[in-house]
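# Coordinates in review
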Amino acid sequence: MNGLLADQAHINHPVAVLNEVSKHYGSGITKVKALDNLNLTIHQGDYLAVMGASGSGKSTAMNILGCLDRPTSGSYQLNGLAVEDLDDDALADLRNQELGFVFQQFHLLPQATAIENVMLPMVYAGISAEQRREKATDALARVGLAQRTGNRPNQLSGGQQQRVAIARAIINQPALLLADEPTGALDSKTTEDVLNLFDDLHKQGITLVLVTHEDDVAARAKRVARFRDGHIVDITTQH
Ligand code: ADP
Ligand code: MG
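Presented here is an overview of the structure given in this document. (Residues numbered from 1 in each chain as written. Chains lettered and ligands numbered in written order. Predicted model: local features only at pLDDT ≥ 70, side-chain atom pairs only at ≥ 80, totals over all residues. Heavy atoms only, no water.)

Now for the environment of H24. Of note, H24 is situated in strand β1 (residues 14-25). By relative accessible area, which is 22% here, H24 ends up partly exposed. Between the C-alpha atoms of H24 and A34, which are 10 residues apart in sequence, the distance is 5.7 Å. Discounting chain neighbours no more than four positions away, the residues touching H24 are K31, V32, K33, L35 and T72. (Helix = DSSP H or I, 4+ residues; strand = E, 2+ residues; numbered from the N terminus. Buried < 20%, exposed > 50% of the residue type's maximum accessible area, 1.4 Å probe, protein only. Contact = heavy atoms within 4.5 Å.)

Dropping the structure here:
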C-alpha cells in the first residue's frame, strides 16, 4: 500500500515547479532577499505544509505560487506553463482558473451573502447566472454550509466564514489551493473542522499548500517544508 502510494506520487504530474526562484525587495543596503534560490516541486495530489519563522519567506513563496507576485529571478512553471512568459492579463486569467486562495482573515465581501461571495470567481468564467448559482450551492454544500447560503459574513461564525472562503477558493476546481495560515484566527475546535475539510478535499484529489505555525496543523499534511532565510532547509514526507 505504502509502496503503491509512493509510486503514484512519482506518476502524478508536477503542478507547480519553482526553480531557483529569488525575490528581492529594495536595493543597496536596504535590499531584502525575501526568497533566495528557492526550489520546490509540488505534484498533483500533494498536501504540503509550509513552516518557518516569521520573515522566512513563506508568504512571499505563496504569493509567487499564486501568481500574485513575480520572482525577481528564476522560473516558475504552473501546469507546464512558464509564468514569467505571461503578461498581466494572462496571469490574471491563470489565477482565476487554476488557483484558489484562502487567507487567515477570510477576505469575504461583508455586504454579500455566502452564495454571492462564492460566485465571485465565476464572474469571468463565461457561464450563466443560473449555472453559477448552482455551482456555488454545490460548493457550499461541499463545505457543510448548505443551510447558510443566504447569510452575510457577520451572520456566520469565524469557522463558517472560513468555509465560505474555502468554497469560493475551490469553485473553479483549481489546480492548486493555497492557504496562508488559514486557521490562524480560529479556535481549536473550529481549526479541527477546517482541517477535516482540507483532509476531505485532499482525498478528493485537490492539491493543497498550507502555511502554518502550528505543529498539529502541519501534522495533517503529507509533506512539511521548513523555510529559513528565503529557502527550504528541510522537507519531509510524513504519510
Ligand atoms: P513570512 O510569511 O515567512 O513571515 P514574508 O514572505 O512575509 O515572510 O517576508 C519575507 C521577508 O521579506 C521579510 O523580511 C519581509 O519583511 C520581507 N518583505 C515581504 N514583503 C515585502 C515587501 N512588499 N516589501 C519589502 N519587504 C518585504
Ligand atoms: Mg506570512
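Moving on to the sheet that holds strand β9 (residues 223-228). The strand order β6-β7-β8-β3-β9-β10 describes an open sheet built from 6 strands, whose pairing is mixed. In this open sheet, the two edge strands, each paired with only one partner strand, are β6 (99-103) and β10 (231-237). Mean inter-strand twist for the sheet, computed between neighbouring axes without regard to direction, equals 20 degrees. Inspection of the sheet shows β6 paired to strand β7 (residues 176-180) by 5 bridges, in the parallel sense. (Pairing = 2+ DSSP bridges. Axes fitted to C-alpha atoms, helices over the stretch in contact; angles between N-to-C directions.)

Here we come to the environment of P182. Its location among the elements puts P182 in the loop between β7 and α7 (188-203). Residue class for P182 comes out buried when judged on its relative accessible area of 1%. Measuring from C-alpha to C-alpha, the distance between P182 and L48 comes to 14 Å, with 134 residues separating the pair along the chain. Leaving out residues up to four positions away in the same chain, P182 has contacts with V102, F103, Q104, Q162, F198, L210 and V211.

Before going further, it helps to spend a moment on a nonpolar patch on the surface. On the surface, L109, L120 and V123 cluster together to form a nonpolar patch covering roughly 240 Å² of accessible area. Counting through the fold element by element, L109 comes out in the loop between β6 and α4 (114-119). (Patch = residues over 30% accessible without salt bridge, like charges linked within 9 Å, V, L, I, M, F, W, Y side chains within 5 Å. Areas by Shrake-Rupley, 256 points an atom, 1.4 Å probe, with all protein chains shown as cover. Salt bridge = Lys/Arg side-chain N within 4 Å of Asp/Glu carboxyl O.)

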